[in-house]
Amino acid sequence: MARNLEVPMISTYTVAPFRPLPTERVVRQLWTRPVGAPAARSGYAPAADVYREGDDLVARFDVPGVDPERDVTVELEGRRLVVRGERRDQRAVEAPAAETSETEGEQPEAGTDGASTDEAAEAAPAGRRIREVRFGEFRRTVTLPKTAEADAVRASYDAGVLTVTVAGVFAGRAPQRIEVTRAA
């Protein structure tokens, strides 16, 4: 006598342990963004190295690929040193011109035989692409120990590093040692 046993359906749910949940991004922004500051839409924050050198404050920012005269601004706002700018993508447009004009509904100019669009298609790299370089606007703020005059600030750019020196901002300020006591 054969019995017909029914096996219940078991549904499985696979969890991807390294994929962030949608709410994690929101929570992470709460900790990384100052309260009341708008969420950044694009851009990046260049790496910074801020240190004391005698009585001067030195701030170095890694901003390779920028034109310092055109794309970088250094300002004093009260006790804040603000460095802002933009790294522009200097590469040629990857999409052939014929494809972009067709999607926008424009007709090619009269007298063109399409040779330039063929050259653009040949120049575009084929295959996969990995992009780790970030482009866009940036802003970094360094809080100074006291207000400084604009004459005391020097900025120079060399080999992709912007160095801003605020002279004498630590003058008259000696570190004070605080005694640490053991709790009873």
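Residues numbered from 1 in each chain as written. Predicted model: local features only at pLDDT ≥ 70, side-chain atom pairs only at ≥ 80, totals over all residues. Heavy atoms only, no water.

To be explicit about the condition: UniProt positions are given in the numbering used here, feature names are shortened, and annotations may be inferred rather than shown by experiment.
Going by what an unreviewed UniProt entry lists, the chain is known as SHSP domain-containing protein and is assigned to Cellulosimicrobium funkei. Under the Sequence similarities (unreviewed entry) heading, UniProt states for the chain: "Belongs to the small heat shock protein (HSP20) family."

### Overview of the packing of aromatic side chains
The line we're drawing: Aromatic rings from Phe, Tyr and Trp, taking only the six-membered ring of Trp, are treated as a pair when their centres fall within 6.5 Å; an angle between ring planes under 30 degrees marks them as stacked, one over 60 as edge-to-face, and anything in between as tilted. Strands are runs of DSSP state E lasting at least 2 residues, helices are runs of H or I lasting at least 4, and numbering of each runs from the N terminus. Type-normalised accessible area, obtained with a 1.4 Å probe on protein chains alone, sets the label of each residue: buried when under 20%, exposed when over 50%, and partly exposed for intermediate values.
Summed over the entire model, instances satisfying the criterion amount to 1 aromatic pair. Where Tyr44 meets Phe138, the ring centres are 5.6 Å apart and the plane angle is 50°; that geometry is what we call tilted. Here Tyr44 is found in the loop between helix H1 (22–32) and strand S1 (48–53), whereas its partner Phe138 is found in strand S5 (residues 136–143), with 94 residues between them in sequence. With respect to burial, Tyr44 and Phe138 carry one shared label: buried.

### Observations concerning the sheet that holds strand S3 (residues 72–77)
The condition that has to hold: The pairing criterion is simple: DSSP has to find at least two bridges between the two strands. To get an axis, fit a line to the C-alpha atoms, keeping to the stretch in contact for a helix; angles then go from 0 to 180 degrees between the N-to-C directions.
The strand order across the open sheet formed by 3 strands is S3-S4-S5, and the pairing between neighbours is antiparallel. The strands lining the two open edges of the sheet, one partner per strand, are S3 and S5. Along the sheet, successive strands turn relative to each other by an average axial angle of 15°, direction set aside. As paired elements, S3 and strand S4 (residues 80–87) share 6 bridges and run antiparallel to each other.

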